[in-house]
Amino acid sequence: MKNAVNSTTSRESSPKVGFVSLGCPKALVDSERILTQLKVEGYEIVPSYGEADAVVVNTCGFIDSAVQESLDAIGEALHENGKVIVTGCLGKRSELIRESYPDVLSISGPQDYASVMSAVHQAIPPTRNKFLDLVPDIGVKLTPKHYAYLKISEGCNHRCSFCIIPSMRGDLVSRPVDQVLMEAEKLAKGGVKELLVISQDTSAYGVDVRYAEREWRGKSYRTRMTELCEGLSELGIWTRLHYVYPYPHVDEIMPLMADGKILPYLDIPFQHASPRILKLMKRPGNVDKTLERIQNWRRQVPDLTIRSTFIVGFPGETDAEFQELLGFLREAELDRVGAFAYSPVDGAKANDLPGQIDEELKEDRLEQFMAVQAEISAAKLQRKVGSTIKVLIDEIDADGAWGRSSADAPEIDGAVRIDDGQMLKPGQFVDVLVEEADAHDLYGRLA
Ligand code: SF4
């Protein structure tokens, strides 16, 4: 089964569910929650369509290619199994799914765990069994044992013109800080060594609940990014922040990074550097003085890694504005960068903007952009040769080990190859002497 979740138990009498999980880390967390609930109720998760009594497909609807991938996955599950329950972001566009696949059993949107469970109950009633394995306290995780995504909120209050997430996931709803900290504590106790804080807008955490105060371990914390980071730093494991928008209070977390309490890593989706394009994109955060702020952060935290994503060829982007973006890239010297050529998303406001850019020009700009960034990344990694860095081990093979430093988030950034790491174990921290670098990865040996 493509993208299927592996089997979790093997019990003859249990009702069996197949699970296909697509989409971003936020969708992955939704999948983990549904899988945990399925397991709690005695369902067995099986890895093939043939073994399953029904299949749940958690879809993504962010860009056109993700929509197609989701529709293909639904079609495959219907063809191979026949009983299919659809959930996730594409579920918000049920007419599109019904048009192609009128026979799906149920369609629900993201975070609608109750609808998924009720559809599963109807398709295959649960049979409670007193010999069921207890679900581990931390629930079912789809990531390796040593790192976990920590979702701090759902939805988003912004209305970026190229994005339909708010219409799919609704406005910002922050989880109370004590609940997030308790979940993080359980994960740490369960062996997790690195927490990846995710949301649609991490800097906005708590705005909706007016930064409500809660108690954790006898101390009061506000439902707010800085206070959350302070709490997480008590756990003594790595905390990595994703989807941080450059609001002024991001400056507050620099001392925590400088003190080694959270990882010196910021994932900030800048998307562009031209004020006019950012305005057309309706991006949150103040773009003024961005370069100055980056320099200021680096003064306080010299080993800060900044990761970002950009869109090139946004409607109306002139050549001068594209050059402005390249200029920003050169000056900002960001460490890790992902870029996309703008592609219209069904239902997004940006589709109606004048000056849509020709595909060929978009691809040409993307190529230029990536070439500039490749040079910057390679030069920045080259500067690490000769230094000793702390690495968290991800996997081992016959030729050595792969791990990640504070500068590398799983799945999206580079990695560190350790040639003499055959005897290491996933989840172990080691010091590595960096001997070589290319545009993405570092290579070294145990220090
Ligand atoms: S901040 Fe903008 S791009 Fe991000 S989820 Fe919200 S609306 Fe979409």
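Quantities reported herein were computed from a predicted structural model and do not represent experimental measurements.

What counts, and where the lines are drawn
Residues numbered from 1 in each chain as written. Predicted model: local features only at pLDDT ≥ 70, side-chain atom pairs only at ≥ 80, totals over all residues. Heavy atoms only, no water. Near = heavy atom within 4 Å. Nonpolar A, V, L, I, M, F, W, Y, C, P; charged D, E, K, R; others polar. Buried < 20%, exposed > 50% of the residue type's maximum accessible area, 1.4 Å probe, protein only. Helix = DSSP H or I, 4+ residues; strand = E, 2+ residues; numbered from the N terminus. Pairing = 2+ DSSP bridges. Axes fitted to C-alpha atoms, helices over the stretch in contact; angles between N-to-C directions. UniProt positions renumbered as here; feature names shortened; annotations may be inferred. Contact = heavy atoms within 4.5 Å.

(A) Quick look at the site of the ligand. Taken together, Cys156, His158, Cys160, Phe162, Cys163, Ile165, Pro166, Gln200, Tyr245 and Arg283 make up the full set of residues adjacent to the ligand. Residue classes in the shell around the ligand are distributed as 7 nonpolar, 2 polar and 1 charged.

(B) Structural detail: the pairing of strand β1 (residues 16-21). With 6 of 6 residues buried, β1 is to be regarded as a mostly interior element. Neither face of β1 is exposed, since Lys16, Gly18 and Val20 on one face and Val17, Phe19 and Ser21 on the opposite face are all buried. Where β1 meets strand β2 (residues 44-46), 3 bridges bridge the pair, whose relative direction is parallel. Counterpart to Lys16 in the pairing with β2 is Glu44. By the bridge criterion, 5 bridges tie β1 to strand β3 (residues 54-59) in an arrangement that is parallel. Directly across from Val17, in β3, lies its bridge partner Ala54.

(C) Fine view of the sheet that holds strand β18 (residues 416-418). Spatially, β16-β17-β18-β20-β19 is the arrangement adopted by the 5 strands of the closed barrel, whose pairing is mixed. Here the strands of the sheet are splayed against their neighbours by 50 degrees on average, with no regard to which way each runs. In this structure, strand β17 (residues 400-404) lies alongside β18, joined through 3 bridges in antiparallel fashion. Within the sheet, the bridge partner assigned to Gly403 lies in β18 and is Val416.

(D) The arrangement of unusual backbone geometry in detail. One non-glycine residue, Arg210, lies in positive phi territory at about 50 degrees. Among the structural elements, Arg210 can be located in the loop between β9 (194-198) and β10 (213-216). In this model, Gln271 sits at a positive phi of 70 degrees, which is unusual for a non-glycine residue. Mapped onto the fold, Gln271 is located in the loop between β13 (265-267) and α9 (275-281).

(E) Fine view of the UniProt feature "binding site: [4Fe-4S] cluster 1" (unreviewed entry) in the protein. The positions that UniProt labels "binding site: [4Fe-4S] cluster 1" (unreviewed entry) are, in the present scheme, Cys24, Cys60 and Cys89. Across 66 residues in sequence, these annotated residues keep their C-alpha atoms within 10.2 Å of one another, forming a single compact spot. Counting through the fold element by element, Cys60 comes out in the loop between β3 and α2 (64-80). Not counting the four nearest positions on each side in its chain, Cys60 is found in contact with Leu22, Gly23, Ala66, Val67, Ser70, Cys89 and Leu90.

(F) A look at the UniProt feature "binding site: [4Fe-4S] cluster 2" (unreviewed entry) in the protein. Sequence positions flagged by UniProt for "binding site: [4Fe-4S] cluster 2" (unreviewed entry) are, in local numbering, Cys156, Cys160 and Cys163. We classify Cys156 as buried; its relative accessible area is 10%. Contact partners of Cys156, with chain neighbours within four places excluded, come to Pro166, Gly170, Asp171, Leu172 and Gln200. Structurally, the position occupied by Cys163 is in the loop between β7 (153-154) and α5 (165-169). Excluding residues within four positions of it along the chain, Cys163 makes contact with Phe62 and Ala348.

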